[in-house]
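# Tertiary structure, described
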Amino acid sequence: MNDTQRIIEKAKQGLRISLKEALQLVKAASIHELGRLAYQIRTKLYADQAFYVYNQHINYTNICQNACRFCAYSKRPGQDGAYTYSIDQIKEAIKSRINEPIQEVHIVGGLNPDLPYSYYLELLKSIKEIRPGVKIKAFTAVEIAFLADKYDLSPARVLQELHEAGLDALPGGGAEVFDPLLRQKLCPEKISGQKWLNIHKKAHNLGIPTNCTMLFGHIETWEDRLHHLESLRNLQDETGGFLCFIPLPYQPANNNLKAEGPDGLDFLRMIAISRIFLDNIPHIKAYWVFAGIKAAQLALWYGADDFDGTIVEEKIGHAAGADTPRGLTIKNLCKFIEKAGFRPVQRDTFFKVRA
Ligand code: SF4
């Protein structure tokens, strides 16, 4: 048995593989070997289930004081196309879908220097007033750090106050790639990877679960990717607060980074190694908005178990060239999952299955 086969057997037995072993796998194992192993792991956990959530996205502002090189979404104040939704506009957006059984509202936006702290609290409270049963997954660690800095509060206090106003979970955005040198090239003004991890740790300690992500397929190497995954795995060992990992394929359009984005095989390898390596993070998401529906369907055979949701009105990936629909109906979402050979199962933000 060669080294690669030995690592495959080890992972098959449910034993944790090291970063070095994961590197050997992605470099030496065929896509079929990786896929088969990841599929076995996801099937042992979830059989033929593929999860989805009935959700609504709200991108409340695209005005941002940062200028990440890969970002096609952000605008400077006053720039053409810059927008900020008022609380009333957000209430209208929530009311406009009040007859749909939406389970989750997902909210992220830019770092808008003109919004008062009260806006964030009011936003959460207003949504909960209109839809008391909905779960709100809102504000990346980058937005939390921005509020803490701007209003001279600790990140823990910001998290606690937002939690009291209605925040149920944090999305995983803003992680990009943790390596400091890469971060300098990609997003020099953004909080460090360590700060991103610290904010998630604080959220977990306050009983706020979170998702985690990695933006891949630009200028990073496999070593960078696996170091990133190892940092997530280490934090999860400590807190157990991550619900789901979402590998986000880089979208190449309308930004200042000269990179192509991952091809289909790279995407599937990334999904597979995520399932194999992150043995303590329950769910791996094939985010159809960034991956494309066809690749997301395939990803269910390569270790992913979650398809995200209905979304409607996604702006961030589409600004960067994602050519997927802006939203899917439940009927279509389920049809895509079934056609891929899996059983669609509706879940909530915490991955609790809906009866
Ligand atoms: S990625 Fe986020 S923080 Fe960076 S420029 Fe875009 S909106 Fe701003």
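Report follows, based on the coordinates. Small disclaimer: the values here were computed from a predicted structure and weren't measured.

### Remarks on the environment of Tyr 60
With respect to the element layout, Tyr 60 can be found in the loop between strand S2 (55-58) and helix H4 (87-95). Tyr 60 gets classed as buried once you count the C-beta atoms within 10 Å, which come to 25. Setting aside its immediate chain neighbours within four residues, Tyr 60 contacts Thr 84, Tyr 85, Ile 90, Ile 107, Gly 109 and Leu 123.

### A word on the sheet that holds strand S3 (residues 104-107)
Spatial ordering of the open sheet is given by S2-S3-S4, a layout of 3 strands whose pairing is parallel. Pairing within the sheet leaves two strands with one partner each, and these edge strands are S2 and strand S4 (135-138). Between one strand axis and the next, the sheet turns by 20 degrees as a mean value, whatever way the strands run. As defined by bridge partners, S3 adjoins S4 across 4 bridges and the pair is classed as parallel. Following the sheet pairing, His 106 is matched in S4 by Lys 137.

### A closer look at the sheet that holds strand S9 (residues 343-346)
Taken together, 3 strands build an open sheet; the order of strands is S8-S1-S9 and the sheet is parallel. The open sheet is flanked by strand S8 (306-309) and S9, the only strands paired with a single partner. Pairs of neighbouring strands in the sheet enclose a mean axial angle of 30 degrees, with direction left out of account.

### Here's the deal with unusual backbone geometry
Phi is positive for Glu 176, which is not a glycine, with a value near 45 degrees. Residue placement: Glu 176 occurs in the loop between helix H7 (155-165) and helix H8 (180-186).

Reading the values: the criteria
- Residues numbered from 1 in each chain as written.
- Predicted model: local features only at pLDDT ≥ 70, side-chain atom pairs only at ≥ 80, totals over all residues.
- Helix = DSSP H or I, 4+ residues; strand = E, 2+ residues; numbered from the N terminus.
- Buried ≥ 20, exposed ≤ 12 C-beta atoms within 10 Å, placed from the backbone.
- Contact = placed C-beta atoms within 7 Å.
- Pairing = 2+ DSSP bridges.
- Axes fitted to C-alpha atoms, helices over the stretch in contact; angles between N-to-C directions.

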